[in-house]
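Remarks on the overall topology
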Amino acid sequence: MIDVVYFAWVRERIGLPRERIETEAATVADLVEELRGREERYAAAFADTSALRVALDQELSEFDADLAGVREVAFFPPMTGG
Amino acid sequence: MKISVQEGPFDAGAELDAFSHGRHEVGAIVSFTGIVRDRAGGLVRMEIEHYPGMTEKAIAEIAEQAKARWQLADLLVIHRHGALPLGQPIMMVATAAAHRRAAFDAAEYLMDYLKSRAPFWKKEVTRTGEHWVEATPEDEDALSRW
């Protein structure tokens with residue numbers, strides 16, 4: 001089980017802020033592929049991963065990163081703080 | 001060192017006074033305050049979303065990097081989230097150092113990194129609709145000079 005959290009327009013497009021997912025995905029890219037296949041709203045949110053960023057257990061990471069041991073995956077657009 | 005991620009408003013003047021008070025070892029204090037502005041016309045408010053937990057960690061890391069890079073006596077970061085009306089302060093940084101160059105550079109470094117490495121997302125709510133503010137290539141380019 002892995003917690004998946006969404007922020008900003010990714011959250012709006014998917015329609016929920018957080019969910020717990022049962023997955024065998026080995027990498028972030030595998031998880032994205034799995035989510036895309038679920039429903040249209042996921043396909044829309046993950047249409048272009050170059051427009052997205054990912055954090056694993058609250059540390060910025062990459063889409064080819066390994067999910068072994070990871071408890072929380074977050075997907076969001078590039079940050080706009082400051 | 002003070003880092004605050006908060007929903008409520010802050011008084012930038014009072015924060016700067018408190019930050020500056022009683023310092024005898026520093027010759028320079030630089031502060032920056034970011035304000036909600038009406039970029040396109042018709043802005044009603046700004047809504048700032050963040051990633052609780054990661055936000056605090058990311059800012060602490062950015063602050064540690066600034067301290068490792070410049071000789072700073074102290075630094076301050078305040079960043080708000082939630083609904084912010086036009087003209088209100090969004091965030092503030094302050095740096096204290098012996099000389100102005102370190103204080104200015106460290107403040108700019110903090111600003112550049114807070115903009116694209118701290119998990120905040122701004123949404124502009126205008127009279128005609130709402131949209132997420134997009135990061136610009138310049139935001140990313142700003143990091144390369146460090």
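Our structure's up above, just so we're on the same page.
Residues numbered from 1 in each chain as written. Chains lettered and ligands numbered in written order. Predicted model: local features only at pLDDT ≥ 70, side-chain atom pairs only at ≥ 80, totals over all residues.

1. Section: the overall build of chain B
The helix and strand tally for chain B stands at four helices and eight strands. For chain B, the sequential pattern of α-helices and β-strands runs β-α-β-β-α-β-β-β-α-β-β-α. The C-alpha radius of gyration computed for chain B amounts to 16 Å, which stays within 12% of the reference 15 Å derived for 146 residues, consistent with globular compactness. Seen through its principal axes, chain B has C-alpha atoms that stretch 50 × 35 × 30 Å. Relative to its 146 residues, chain B shows a buried fraction of 32%. Restricting to contacts in chain B with at least 6 residues of sequence separation, those with at least 24 account for 77%. (Helix = DSSP H or I, 4+ residues; strand = E, 2+ residues; numbered from the N terminus. Rg over C-alpha atoms; globule rule 2.2 N^0.38 Å. Buried ≥ 20, exposed ≤ 12 C-beta atoms within 10 Å, placed from the backbone. Contact = placed C-beta atoms within 7 Å.)

2. Regarding the nonpolar core
Residues Phe-7 of chain A together with Ile-62, Ala-106 and Leu-110 of chain B are the most contacted members of the largest nonpolar core, which totals 52 residues. It is helix H3 (residues 100-117) of chain B that provides the largest number of residues to this core, a total of eight residues. Once residues within four sequence positions are removed from consideration, Leu-110 of chain B is found in contact with Ile-62, Ala-66, Val-77 and Val-93 of chain B. (Core = buried A, V, L, I, M, F, W, Y, C linked by C-beta atoms within 7 Å.)

3. Section: the interface of chain B and chain A
The parts lose accessible area when they come together, and the size of an interface is often stated as this lost area. Between chain B and chain A, the contact holds 21 residues from the first and 13 residues from the second. Elements with a minimum of two residues in the side of chain B that touches chain A: helix H2 (54-69), H3 and strand E7 (120-126) of chain B. With five residues, H3 of chain B is the single largest residue contributor to the side of chain B that touches chain A. Its residues placed into classes, the side of chain B that touches chain A shows 12 nonpolar, four polar and five charged. (Nonpolar A, V, L, I, M, F, W, Y, C, P; charged D, E, K, R; others polar.)

4. Describing the sheet that holds strand E1 (residues 2-6) of chain B
Residue and element names in this part refer to chain B. In space, the four strands of this open sheet follow the order E1-E4-E6-E2, with mixed pairing throughout. Looking at which strands have only one partner, the edges of the open sheet turn out to be E1 and strand E2 (28-35). Adjacent strand axes in the sheet meet at a mean angle of 5°, parallel and antiparallel pairs treated alike. Sitting on the sheet, H3 touches E2, strand E4 (72-80) and strand E6 (89-97), and the angle it makes with E6 is about 145°. (Pairing = 2+ DSSP bridges. Axes fitted to C-alpha atoms, helices over the stretch in contact; angles between N-to-C directions.)

5. Description of the pairing of strand E5 (residues 72-76) of chain A
All names here are of chain A. Where burial is concerned, most of E5 is hidden: four out of the five residues are buried. Sheet topology places strand E1 (residues 2-6) next to E5; four bridges connect them, and they run parallel. Looking at the pairing, Tyr-6 lines up with Phe-75 of E5.

6. Notes on the environment of Val-5 of chain A
All names here are of chain A. By the secondary structure assignment, Val-5 is in strand E1. For Val-5 and Glu-72, which are 67 residues apart along the polypeptide, the C-alpha to C-alpha distance reads 7.4 Å. With near-sequence residues (within four places) excluded, Val-5 lies in contact with Pro-17, Arg-18, Glu-72 and Ala-74.

7. Examining the environment of Phe-104 of chain B
For Phe-104 of chain B, the location among the structural elements is in helix H3. For Phe-104 of chain B and Ile-29 of chain B, which are 75 residues apart along the polypeptide, the C-alpha to C-alpha distance reads 8.3 Å.

8. Structural notes on H3 of chain B
Residues and elements named next belong to chain B. Taking 1.5 Å as the rise per residue, H3 with 18 residues should run 26 Å; its terminal C-alpha atoms sit 25 Å apart, in good agreement. Listed as buried for H3 are Ala-102, Ala-103, Ala-106, Ala-107, Tyr-109, Leu-110, Asp-112, Tyr-113, Leu-114, Lys-115, Ser-116 and Arg-117. Against the buried residues of H3 lie E2, H2, E4, E6 and helix H4 (137-144). (Expected span 1.5 Å × (residues − 1).)

9. Let's talk about the packing of H3 of chain B against H4 of chain B
Residue and element names in this part refer to chain B. As a packed pair, H3 and H4 sit with axes 9 Å apart at the nearest point and diverge in direction by 135°. Taken together, H3 and H4 sit at an angle that is classed as oblique. Along this stretch, H3 crosses H4, giving a crossing that reads as left-handed. Contact residues: Asp-112, Tyr-113, Lys-115 and Ser-116 in H3; Asp-139, Glu-140, Ala-142 and Leu-143 in H4. (Parallel < 35°, antiparallel > 145°, perpendicular 65-115°, else oblique. Left-handed = near helix turned anticlockwise from the far one by under 90°.)

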